[in-house]
Every structure is written in structure tokens, then in C-alpha cells.
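Given next are the chains, with one letter for each unit.
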Amino acid sequence: MRSLRTREPMARAELPRLSVLRLGHRRERDKRITSHLGLTARAFGADEVVLAGEEDHSALETWNSVTEHFGGEFECRYEPKPMAWLRRASKGDEATIVHLTMYGQPWREALPEIPIDKPAIVVVGGTKVPSETFRLSDHNVSIGNQPHSEVSALAVFLDAWVGPIDEASRFDGGLIEIVPSIRGKIVINHEEE
Ligand code: SAM
């Protein structure tokens, strides 16, 4: 079987823009999971997370704070009209739209069909996902056909699709740098240098 990692480690500037759209955020119910979704998007190679549903400045503040501390140029914003944004992206063929849903095509089958040389929008739901999302999406992709979480679905998909990330270049400029260690914690605090 062809390797699932369809990309070699590439510097950020070489990769087409990758956005994650969080549909249907509920400020109280989804507070933590939406926050973790954005952090997962950032850690696994997305350039931005777009929040839709209920506006929630605390999620945006969390993502911006992590980017300030751990580096990189990850962006986040609130989108009041996500479906209009998706329609424009679809109509103008500006980006490949990948919708993660338990009803979709198995990810291992879908991956090789998804172009890696153009911008992409990866869509995950919260409350009931509008059926139009399925029609607008170029790929409706499942991570197994059992219900689980948007965070796990996004992590598995991005890790397989984006492949290894050159963290030194991707998360450059942070105040804090974690050095991988087989035991204990090695943390470099550039603020103290
Ligand atoms: N309550 C919402 C509904 O019924 O439409 C969905 C809730 S589900 C936990 C939230 C999101 O997680 C889904 O919209 C989908 O993006 C993602 N998700 C959950 N299970 C998935 C799976 N097996 N494969 C891909 N994505 C999945």
C-alpha cells in the first residue's frame, strides 16, 4: 500500500495554506474541546483555525497565547458566515474542502485522492452539521465509522495527510522550546536568555 504520509517534511513556506474550520461551536458546551481542536490544528500543521458558531474570544485568546509562547505564525479568527465562506472557496476552486465525518469515505482510501499542492480547508462539526457541508466538500472523510471526537479525527487525519513537521522551522520564534526527551522535561526558556 502506498505510504499514507503523502508529504515529506517541508518548510512552512513551501506548503499550501491549510485551514481548519470548526463549525457549530457552542460557547459553554464545547469550550474545552474547541480549544483543544485549535491546538491540535496548530500542532499538526494547519496555518489557521477558523471558529464558527457562537463567537468565543476565550478560544481565540488561548490559541494566540500558545502561538506567542511556543512560536510560529499560526492564525485564528471568528467567521460569522462559514457556509458562505465554504461556498466561495468551492465556487472559486480556491481550496480543497475536506469534511471529517463518521459517514464519510475511509481515510486510508481517501488520502491519496486529496491533492497536496493546493490550499485546503478541513471542516469539523460541533452541533448538527448542515447537510450542505457534505455537498460542498470535495471529500467527506471518515476516521472509522464510529462516533468519536473532532479532536481525534483531526489529529489522525492531519498527521497522515501533512506528514512529519519540521518543528524548528514551523514553530520558530517562541518564548518556550521543548526539547524531546526520553525521560523528564527539557524546556528552553528563550525569554530568560
Ligand atoms: N453532534 C454532531 C452531529 O450529530 O452532526 C456531531 C458531533 S461529532 C462528535 C463532532 C464532529 O466530530 C463531527 O462533525 C466530525 O467532524 C467529527 N467526527 C466524529 N466522529 C468522526 C469519525 N468517525 N470520523 C471523522 N470525523 C468524526
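Cut-offs used in this document
Residues numbered from 1 in each chain as written. Predicted model: local features only at pLDDT ≥ 70, side-chain atom pairs only at ≥ 80, totals over all residues. Heavy atoms only, no water. Near = heavy atom within 4 Å. Polar contact = N/O pair within 3.5 Å; in protein donor to acceptor, adjacent residues only side chain to side chain. Areas by Shrake-Rupley, 256 points an atom, 1.4 Å probe, with all protein chains shown as cover. Helix = DSSP H or I, 4+ residues; strand = E, 2+ residues; numbered from the N terminus. Nonpolar A, V, L, I, M, F, W, Y, C, P; charged D, E, K, R; others polar. Pairing = 2+ DSSP bridges. Salt bridge = Lys/Arg side-chain N within 4 Å of Asp/Glu carboxyl O. Buried < 20%, exposed > 50% of the residue type's maximum accessible area, 1.4 Å probe, protein only. Axes fitted to C-alpha atoms, helices over the stretch in contact; angles between N-to-C directions. Contact = heavy atoms within 4.5 Å. pLDDT = per-residue confidence, 0-100.

A. Focus on the site of the ligand. Neighbouring the ligand are 18 residues; Leu100, Ile143, Gly144, Gln146 and His148 lie closest to it. Separating an oxygen atom of the ligand from a backbone N or O atom of Leu100 is a distance of 2.5 Å. A distance of 3.4 Å separates a nitrogen atom of the ligand from a polar atom in the backbone of Thr101. Isolated, the ligand exposes 570 Å² of accessible area, and the fraction of that covered by the protein chains is 77%. Elements with a contribution of two residues or more to the shell around the ligand: β4 (96-106), β6 (139-142) and α6 (150-162). Per-element tally for the shell around the ligand: the top contributor is β4, with three residues. In terms of residue class, the shell around the ligand is built from seven nonpolar, nine polar and two charged.

B. The pairing of strand β8 (residues 186-189), seen in detail. Here strand β7 (residues 176-179) runs beside β8; their pairing, made up of four bridges, is antiparallel. Bridging across to β8, Glu177 finds its partner in Ile188. Connecting β7 to the antiparallel partner β8 that follows it, the hairpin turn spans six residues, and Gly184 within it adopts a positive phi of roughly 75°.

C. Summary view of unusual backbone geometry. At Asp93, a position not held by glycine, the phi torsion is positive, near 50°. Within the secondary structure layout, Asp93 lies in the loop between α3 (82-91) and β4.

D. Expanded view of the pattern of salt bridges. This structure, assessed with the given rule, holds eleven salt bridges. Ionic pairing is found between Arg77 and Glu48, a salt bridge with its closest N-O pair at 3.7 Å. Of this pair, Arg77 sits in strand β3 (residues 75-78) while Glu48 sits in strand β2 (residues 48-53), and the two are 29 residues apart along the sequence. Exposure remark for Arg77: the relative accessible area of 28% places this residue in the partly exposed category. According to the relative accessible area criterion, Glu48 is buried, its value standing at 6%. Between Glu132 and Arg87 there is a salt bridge whose closest N-O contact spans 2.6 Å. With Glu132 in helix α5 (residues 131-136) and Arg87 in helix α3, the pair connects residues that are 45 residues apart, well separated along the chain.

E. Quick peek at the sheet that holds β3. In spatial order, the strands read β3-β2-β1-β5-β4-β6; together these six strands make up an open sheet with parallel pairing. Both edges of this open sheet fall to β3 and β6, since each of them pairs with a single strand only. Ignoring which end each strand starts from, the neighbouring axes of this sheet average 30° apart. As judged from the four bridges shared by β4 and strand β5 (residues 120-124), these two strands associate in the parallel manner. Each residue of the ladder has a partner; that of Ile97, found in β5, is Ile121. Strands in contact with helix α1 (residues 31-43) are β1 (18-25), β2 and β5; relative to β1, the strand with the most contacts, it is inclined by about 175°.

F. Structural detail: the confidence of the model for the protein chain. Predicted confidence across the protein chain gives a mean pLDDT of 93, with 93% of residues reaching 70 or more. This model gives residues 1-5 a pLDDT under 50, and the stretch forms nine contacts once residues within four places in sequence are excluded.

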